[in-house]
Amino acid sequence: MVLMAEVGEEATYVRHHKRKIAFLFSAMRHFADALRARGVVVDYIRLDDPENGGSFGSELARAVERHRAGKVVVTEPGEWRVAEMMRGWSKDLGIPVEIRSDTRFLCSHEDFELWAGAQRGLRMEFFYREMRRRTGLLMAGDKPVGGRWNFDAENREALPKTIDAPRRPDFPPDDTTEAILGLVAQRFGNHFGDLDMFDYPVTREDALAYLDWFVFVALPNFGTYQDAMRQGEPLLFHSHLSALINCGLLDPLECCRRAEAAYLDGDAPINAVEGFVRQIIGWREFVRGIYWREMPGYGARNALDARRPLPDFFWTGDTDLNCLRQSIAETRANAYAHHIQRLMVIGNFCLLAGLDPVEVQEWFLVVYHDAYEWVEMPNVVGMILYADDGLFASKPYAASGNYIDKMSDYCRSCVYSPKVKQGEGACPFNPLYWDFLARNRDKLSRNQRLQRPYATLDRMAPDKVAAARRDAQAFLTGLVGDGDY
Ligand SMILES: Cc1cc2nc3c(=O)[nH]c(=O)nc-3n(C[C@H](O)[C@H](O)[C@H](O)COP(=O)(O)OP(=O)(O)OC[C@H]3O[C@@H](n4cnc5c(N)ncnc54)[C@H](O)[C@@H]3O)c2cc1C
Ligand code: SF4
C-alpha cells in the first residue's frame, strides 16, 4: 500500500511559487497513476478531499487507522524540519517507522562524513574527484578522460550575437495538470508567481524526452556558454532538469550517463559534458552533504553580520536595475532562473547590499521550482552570502557591474551604465562593490583570493573611496522592504 498526500502545510509553511506547487502536485498525481498501472495499490489523498487534515502527520495517522497498518516505511526527507517530524511518528502512531535512505542521491550521509572527516575548509573539487572515481564517470582507468579533472576555464564565454538559443520542446498540460492548475489558482492565488503557459514535464516519459532533447541539442553548447546571460532568453543552453531530478522523475546518474555517452559518441565536447557531470555528481551531492552535516543551525549563520531587510522589489520586480528586473521577472514567470542569474546577479546583489541571510533564504526557497532546503540553503548561506565564513567557498562571489556587462546584454537596456563608476548614471553594483570590501575589511582582507581587490581599493584615492561609499549608502537607504510578500 503506497500512501501519497497533497497537504496544505507543505505548500504554505513558506508561500511557494504557484508553479512549483502545480508542478509537484501534478507530478504526484501522474506518478500515482503510473504506480496503479503497474498494479501497485495507491491510497492518494487530494488537496481538496474534505477529510484531508492538511499535514503529513494527520494524513499518516488517518491512513494507519484506515488500513490497520502494522508498520510504516518512508524515504528520508530533504529538509531537517520534516526529519524532525518523522522522528516522532513511531511514538505517536505506536508502530515501527522505518526511514530509508534517499536513492535520488549517489553519496550517502555516512560516505560524505567519511570523506569530510575533520577537514576544515571543505572543497567541492576534491569531493568531485572522489565521486568521479566512485562512479567511473568520464574515467579512463584511474585517470580523468581528456587528461584533466575540470574544464571550467573553457566554460566562461559570453554569447555571441550570431548564436541563438535552441527552441525547446513543450509539454502542454493534460486534463490532470489542468485540474491542478485550477486548484492552485483557487487555493494559492495570493502566492508569488504566474501559472500561465505551464509546459514543464510532469511524467517520467516526458522527463526522459526532455533529457534526450537536452543531451542532443543543448548540451554541445552548455559548457562554453554556461555563464552567459541574454535578455529574453531564460534558458539558453542550460538543462532545465533540476526540478525533475530533485523530485525523482529523473535519476542523477542516468542524466550523467547519457551525457557521457554523447561525449563517447562524439556528439558533445568534453568541456560541456564534464561541466554538466560536475554540477550533478559534484555540486548537487556536495551541497546536500554540507546541509546535513551543518544542520541544525546552518540557516542562522551570519558571518558578515548582514542585517538589511529584503527589498520589496524582490517580490514585485519593480526596480530600474535592468539585470535584476529581468532575472526577477523570469523567476516570477517560470519559477526558474539559471545558475549565473541566481549567483552573479541576484546573489551578488544580496551579498553586496548586506541582505539578511534568513530573508534571502526564504526568498530562494519560495521562488524556484527546484528549491528544497537541502540545496537552497547551502547555495544561499555558503555560496552567495559567505555567511558560513567560507566553509566551502574560498572567497565571496562579489563582482561589480563589469562582470554582468561582460557576460550579458542587460546593461544595454539599463538606465545605468557599468562604465560609469560614480555619481549620476553609475551602475549601483560599482559603488556597492567597493563599499562591500571596505565594510568587511576586518573579516575579509586576509583572504588570499581577495588580495588583488584589496590592493586596488588601497590604491584608490581616499576621496574616491569616500564618494563610492556615499553613493552606496544613498542607494541602500533608498531600498524599501518590510519582509512581507
Ligand atoms: C543562490 C542559489 C540558489 C540555488 N538554489 C537551488 C535550489 O533551490 N535547487 C536546485 O536544484 N539548485 C539550486 N541552485 C543551483 C543551480 O542554480 C540550479 O540547480 C540550476 O540553476 C538549475 O537549472 P538547470 O537544471 O538548468 O541547471 P544546469 O545549469 O543545466 O546544471 C545541471 C544540473 O546541475 C545541478 N546543479 C548545478 N549547480 C548546482 C548547485 N550549485 N547546487 C546543486 N545542484 C546544482 C542541478 O541538478 C542542475 O539541474 C542554486 C544556486 C544558487 C546560486
Ligand atoms: S548597468 Fe548595472 S544595474 Fe544596469 S544592467 Fe548593468 S549591471 Fe545591472
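Everything below is about the structure shown above.
Here the structure is a predicted model, which is why all the values come from computation and not from measurement.

Trainee: Please set out the overall build of the protein residue by residue, giving values where relevant.
Mentor: Helices and strands together make up the secondary structure of the protein, namely 22 helices and six strands. Against the compact-globule benchmark of 23 Å for 485 residues, the protein has a radius of gyration of 23 Å, which places it among compact chains. Oriented by its inertia axes, the alpha-carbon framework of the protein measures out at about 75 × 55 × 50 Å. The 485 residues of the protein split such that 54% are buried. Looking at the protein alone, contacts between residues at least 24 apart form 77% of all its contacts between residues at least 6 apart. Here the protein contributes 59 positive and 69 negative side-chain charges, whose respective centroids are spaced 5 Å apart.

Trainee: Describe the side chain of E76, listing the residues and the values that go with them.
Mentor: Mapped onto the elements, E76 comes out in the loop between β3 (72-75) and α4 (80-87). Judged by its relative accessible area of 12%, E76 is buried. Side chain to side chain, E76 and R288 meet in a polar contact 3.3 Å long. Dropping the residues within four chain positions of it, E76 is found in contact with I99, R100, S101, D102, H109 and R288.

Trainee: Describe the site of ligand 1, and please don't skip the residues or the numbers.
Mentor: Neighbouring residues of ligand 1: 28 residues in total, closest H238, S239, H240, Y336 and H339. Here an oxygen atom of ligand 1 and a side-chain polar atom of H339 are 2.8 Å apart. Elements supplying a minimum of two residues to the shell around ligand 1: α10 (242-247), α12 (270-294), α15 (339-353) and α17 (373-384). Split by residue class, the shell around ligand 1 holds 15 nonpolar, nine polar and four charged. Two domains share the shell around ligand 1, each providing at least three of its residues, namely domain 2 (109-172 + 204-297) and domain 3 (313-477).

Trainee: Summarise helix α14 (residues 322-334); cite the residues concerned and give the values.
Mentor: For α14, with 13 residues, the first-to-last C-alpha span of 18 Å sits near the 18 Å given by 1.5 Å per residue. Turning to α14, its buried residues are N322, C323, L324, Q326, S327, I328, E330 and T331. Turning to α14, the residues buried within the fold contact α13 (313-316), α15, α16 (357-367), α18 (401-407) and α19 (429-439). Positive phi shows up at A335, right after α14, with a value of about 55°.

Conventions we followed
- Residues numbered from 1 in each chain as written.
- Chains lettered and ligands numbered in written order.
- Predicted model: local features only at pLDDT ≥ 70, side-chain atom pairs only at ≥ 80, totals over all residues.
- Heavy atoms only, no water.
- Helix = DSSP H or I, 4+ residues; strand = E, 2+ residues; numbered from the N terminus.
- Rg over C-alpha atoms; globule rule 2.2 N^0.38 Å.
- Buried < 20%, exposed > 50% of the residue type's maximum accessible area, 1.4 Å probe, protein only.
- Contact = heavy atoms within 4.5 Å.
- Lys, Arg positive; Asp, Glu negative; His and termini not counted.
- Charge placed at Lys NZ, Arg CZ, Asp CG, Glu CD.
- Polar contact = N/O pair within 3.5 Å; in protein donor to acceptor, adjacent residues only side chain to side chain.
- Near = heavy atom within 4 Å.
- Nonpolar A, V, L, I, M, F, W, Y, C, P; charged D, E, K, R; others polar.
- Domains from an automatic or database assignment.
- Expected span 1.5 Å × (residues − 1).

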